[in-house]
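Reading the structure
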Amino acid sequence: MFPLKPELCHTPQTKSMLTGYLSYDPKRENIMGDGTKLNKLPSNIAELRALIRVSERIVVFTGAGISTESGIPDFRGPNGIWNKVTPIDFNDFLASEEMREESWRRKFSGDMKMENAEPNVGHLAISSLVNAGKVTHIITQNVDGLHQKSGTPDEQVIELHGNASYATCLSCYKRFELDAIRAPFLQDGTIPHCDVCGGIVKTATISFGQPMPVEEMQRAEDATLRCDLFIAAGSSLTVYPAAGFPRLAKQNGARLVIINNQATDLDRICDLVIHEQIGPTLSQAVD
């Protein structure tokens, strides 16, 4: 018998689901079809594994916590980037050529940690669930592109805060690769402008004061409303409106799991809370 007990679960819906699942015979088949038995796992990992197994439309919501495990510094933590430099407001970027120059100087004078980062076991575990047809979408607050780098198709990644690996024209939305901007800027400080419409070119991230992307927010809402399991991994869930999606999923009847090193304000409404590292937790639950 599995080390799962209905009383470990936080809601009647999840208790009922797992009570029925406990009749499953691990000698006949393993939980994910790969030889791993639930009785070899810690109880919280086994419970997460069971939830994944019985769910069909999973949405994974990721924050900075999963990327710090790839060596990328976070923005808002005690040692975060915004504690060292003041972020440039979007309206200041638009109004001031000096601010645009400073923005590009910061972009190209960094230590390349984000550019050189590789997906960790957490990204790979999520990607395996996408490729298995379990996860329909990844909603991410991160701008590093590591979900795509791990093998997840771009169309299944919803980037709420954009992507730092390229730039776009703010007027006609033409895409620009950073290498084409970096060389002339480092040579003589040339600030990029769109060669199609003359518009302002900016890294494809959402800055302070910049409106959230309407299409991505709508896609995230649609995916959230269709899911039967919502897993929030590595997010403090304090930055709104993005942090509203886990609550929306729960209110719509989905089961809610939070995996984060520290407690969040939504822990109390979850079906399962795991205060552990993202990568090892997801890797064990999926392997």
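Here the residue numbers are simple positions, counted from 1 along each chain's written sequence. Reporting in this predicted model follows two pLDDT cut-offs: at least 70 for local features of residues, and 80 or more for side-chain atom pairs to be given and counted; totals over whole chains, interfaces and linings ignore these cut-offs and use all residues. By convention in this description, side-chain values take in all heavy atoms of the structure and omit both hydrogens and water.

Two aromatic rings from Phe, Tyr or Trp, using only the six-membered ring of Trp, form a pair when their centres are within 6.5 Å; if the ring planes differ by under 30 degrees the pair is stacked, by over 60 it is edge-to-face, and anything between is tilted. Within the structure shown, the criterion is met by three aromatic pairs. With centroids separated by 5.5 Å and ring planes inclined at 25°, the aromatic side chains of Trp 104 and Phe 108 adopt a geometry described as stacked. With Trp 104 and Phe 108 both in helix α5 (residues 97–108) and four residues apart, this pair spans about one turn of that helix. Pair check on accessibility: Trp 104 and Phe 108 agree, each one buried. Aromatic ring contacts, followed pair by pair, group Trp 104, Phe 108 and Phe 185 into a single cluster. A helix here means a DSSP run of H or I that spans at least four residues, while a strand means a run of E at least two residues long, and both kinds are numbered starting from the N terminus. Burial classes follow relative accessibility: with a 1.4 Å probe on protein chains only, a residue under 20% of its type's maximum area counts as buried, one over 50% as exposed, and anything between as partly exposed.

Here the focus is the confidence of the model for the protein. Model confidence for the protein is summarised by a mean pLDDT of 86, while 83% of its residues fall at 70 or above. One confidence number per residue, pLDDT, is output by the predictor and ranges from 0 to 100. The contact criterion used throughout is that any non-hydrogen atoms of two residues lie within 4.5 Å. In this model residues 1–31 is a low-confidence stretch, pLDDT under 50, and it forms 63 contacts with partners more than four residues away in sequence or in other chains.

Strand pairing follows a simple DSSP-based rule, namely that at least 2 bridges must link the two strands. Spatially, β5-β4-β6 is the arrangement adopted by the three strands of the open sheet, whose pairing is antiparallel. A single partner strand is all that each edge strand has here, and the edge strands are β5 (175–177) and β6 (201–205). Pairwise comparison of adjacent strand axes, ignoring direction, gives a mean angle of 45° for this sheet. Note: strand β4 (residues 162–169) against β5, three bridges, orientation antiparallel. The partner of Tyr 166 across the bridge, within β5, is Glu 177. Throughout, an axis means a line fitted to C-alpha atoms (over the contacting stretch in the case of helices), and angles, computed between N-to-C directions, take values from 0 to 180 degrees. Across the sheet, α5 is in contact with β4 and β6; its angle to β6 comes to roughly 50°. Of the strands in this sheet, β4, β5 and β6 are in contact with helix α9 (residues 178–188), which crosses β5 at around 60°.

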